[in-house]
Amino acid sequence: MASGADHEDNLKNDSSEMVLDAFRWMVLARTFEDKISSIYKAGKIVGGVYVGKGQEAFSSALAVNLVKGKDIYSPLIRDMAGRSAFGEPLVDAARTYMGSSKGPTQGRDGNVHRGNPREGMPAMISHLGAMISVVNGILFARRMKGTLDDAVGATTIGDGGTSTGAFHEALNLAAVENLPLIVSVANNQFAYSTPNSKQFACDNITDKAVGYGITGVEVDGTDLVDCVNTFKLCVEKARAGDGPQLVVGNLLRLSGHGEHDDAPYISEDLRKSKLGEDCLSKAHNRILDEGWANQGDIDDIFKESDDEVKSAIHTAESEKVPDPYSHNWSAYSSSILNE
Ligand SMILES: Cc1ncc(C[n+]2csc(CCOP(=O)(O)OP(=O)(O)O)c2C)c(N)n1
């Protein structure tokens, strides 16, 4: 079992552009989700709000290593950063939260069950393992049609999700079939309020990879550079035919399970530990230290993100919600597929 640090020697020191790219998506996601959280707390969002605060580095680092139009990316509830990095328009997210009838689910879903299968992003079914077999199926179908080439499929899951039957069956199948699958496990230490110690008895989630006969890698999920480099290597390996890659990012969710939850079960000690470091400020400091950008460049990134968020929310807010008496409902994805 290799750790992120064990890979250091193999890593090329040419990731600065990718790191900056990922950082931009992190800033956009944080800015957007902070705003959405405020709107939710003002009582203006009907559905729940689940954010990826503290997980943006791990999320965007996977997506910047994927190729849109070729690879498959199946994000979950804490992957706002990854979604944007993979090309999801911000207005799709704003419209979904605000219930706009112009959104991907035409105002029927209030939060995260949106996607765009034609763009390689399946709509999320469940947070607890359901998406791995969906990605397996897409990869299988392409393999059978002879159109897979060197594409990969990636999806994410939480620590709690790794205890489900869906996770086990899908990973087992992917391993037996040697599918080019990347599963990124955001190990944020809790499944809702259940700590890891009550979720599984193995020392590390990468131990589970041993049981399936696949590669398992651990990474500091608060360190953007480590995340970008580790995913780079794992995506390359999957593309090259080395089979499924399980990447476990150790971090802490810097929010409740949803914005309705103030997470009193997360101890002060844990919050102040290394796991509780904020990946965004850490990446900010690292970028300045390495000279990959200066403070003025970073100020511009924050300003552009702020403008983009305001514009997306303004657009979504000014649109109509669906009229249940006249609307002929079908999901955006199925209505496109039925055209
Ligand atoms: C089949 C099913 N059971 C329960 C839930 C409710 N639920 C959603 S997320 C979650 C906890 C997930 O924890 P974890 O996998 O660690 O991910 P995290 O929320 O920490 O990102 C639960 C219990 C669900 N969505 N689906």
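Residues numbered from 1 in each chain as written. Predicted model: local features only at pLDDT ≥ 70, side-chain atom pairs only at ≥ 80, totals over all residues.

Examining the overall build of the chain
Logical step 1: The secondary structure content of the chain amounts to 12 helices and eight strands.
Logical step 2: Taking 2.2 N^0.38 as the reference for a compact globule, 339 residues should give roughly 20 Å; the C-alpha atoms of the chain span a radius of gyration of 19 Å, in line with that estimate.
Logical step 3: If you line up the chain on its principal axes, its C-alpha atoms span 55 × 50 × 40 Å.
Logical step 4: Split into buried and exposed, the 339 residues of the chain put 50% on the buried side. (Helix = DSSP H or I, 4+ residues; strand = E, 2+ residues; numbered from the N terminus. Rg over C-alpha atoms; globule rule 2.2 N^0.38 Å. Buried ≥ 20, exposed ≤ 12 C-beta atoms within 10 Å, placed from the backbone.)

Considering helix α4 (residues 90-98)
Logical step 1: In terms of burial, α4 is largely enclosed, as nine of its nine residues are buried.
Logical step 2: Buried residues along α4 sit in contact with α1 (16-41), α3 (80-85) and α11 (295-317).
Logical step 3: Positive phi appears at G99, one or two residues downstream of α4, with a value of about 75 degrees. (Contact = placed C-beta atoms within 7 Å.)

A short note on the environment of Y212
Logical step 1: Following the sequence through the fold, Y212 ends up in helix α7 (residues 206-212).
Logical step 2: C-alpha of Y212 to C-alpha of K303: the two residues are 91 residues apart in sequence and 45 Å apart in space.

Some words on the pairing of strand β4 (residues 181-187)
Logical step 1: For β4, the tally of buried residues reaches seven of seven residues, placing the bulk of the element in the interior.
Logical step 2: Every second residue of β4 is oriented toward a common face, with L181, V183, V185 and N187 on one face and I182, S184 and A186 on the other, all of them buried.
Logical step 3: With six bridges joining them, strand β3 (residues 153-158) and β4 adopt parallel strand pairing. Note that in β4 the partner of T155 across the bridge is V183.
Logical step 4: What joins β3 to β4 is helix α6 (residues 165-176), and the crossover it makes is right-handed. (Pairing = 2+ DSSP bridges. Right-handed = clockwise from strand over helix to strand, strands pointing away.)

As for the environment of F58
Logical step 1: Residue placement: F58 occurs in helix α2 (residues 56-63).
Logical step 2: Take F58: there are 38 C-beta atoms within 10 Å of it, and that puts it in the buried class.
Logical step 3: Sequence separation of F58 and A22 is 36 residues, and the distance between their C-alpha atoms is 9.5 Å.
Logical step 4: In this structure, F58 is in contact with S184, A186, G221, C227, G249 and L251, ignoring residues within four places of it in sequence.

Structural notes on the packing of α2 against helix α8 (residues 224-239)
Logical step 1: Contact pair α2 / α8: the axes reach a minimum separation of 8 Å and the direction vectors enclose 30 degrees. Taken as axis vectors, α2 and α8 run roughly parallel relative to one another. The element α2 and its partner α8 pack so that their crossing is right-handed. Between α2, through A57, F58, A61 and L62, and α8, the contact on the second element is made entirely by L224, C227, V228 and F231. (Axes fitted to C-alpha atoms, helices over the stretch in contact; angles between N-to-C directions. Parallel < 35°, antiparallel > 145°, perpendicular 65-115°, else oblique. Left-handed = near helix turned anticlockwise from the far one by under 90°.)

Considering unusual backbone geometry
Logical step 1: For Q106, which is not glycine, the phi torsion reads 55 degrees and is therefore positive.
Logical step 2: By secondary structure assignment, the location of Q106 is in the loop between α4 and α5 (130-145).
Logical step 3: Positive phi is not limited to glycine here, since N178 has a value of about 50 degrees.

Digging into the environment of M131
Logical step 1: Counting through the fold element by element, M131 comes out in helix α5.
Logical step 2: With 26 C-beta atoms counted inside 10 Å, the residue M131 sits in the buried group.
Logical step 3: In this structure the C-alpha to C-alpha distance between M131 and G243, which are 112 residues apart in sequence, comes to 18 Å.
Logical step 4: When residues no more than four places from it in sequence are discounted, the contact partners of M131 are S74, L76, P122, M124, I125 and T155.

Describing the confidence of the model for the chain
Logical step 1: Residue-level pLDDT values for the chain average 93, and 93% of them are 70 or greater.
Logical step 2: Note on residues 1-12: pLDDT under 50 across the span, and 17 contacts to partners over four residues away in sequence or across chains. (pLDDT = per-residue confidence, 0-100.)

Points about the packing of α1 against helix α10 (residues 279-290)
Logical step 1: The contact between α1 and α10 brings their axes to 11 Å, and the two run at 145 degrees. Our pair here, α1 against α10, has a crossing hand that is left-handed. Every residue of α10 that contacts α1 at S16, V19, L20, F23, M26 and R30 is listed here: L280, A283, I287 and E290.

Considerations on the pairing of strand β8 (residues 245-250)
Logical step 1: The buried fraction of β8 amounts to six of the six residues, a majority that puts the element mostly inside the structure.
Logical step 2: Taking every second residue as pointing to the same face, both faces of β8 are buried, with Q245, V247 and G249 on one and L246, V248 and N250 on the other.
Logical step 3: Direction of pairing for β4 relative to β8: parallel, over a ladder of six bridges. For I182, the partnering residue across the bridge sits in β8 and is Q245.
Logical step 4: Of the pairings in the sheet, the one linking strand β7 (residues 215-220) to β8 comprises six bridges and is parallel in character. Looking at the pairing, V219 lines up with G249 of β8.

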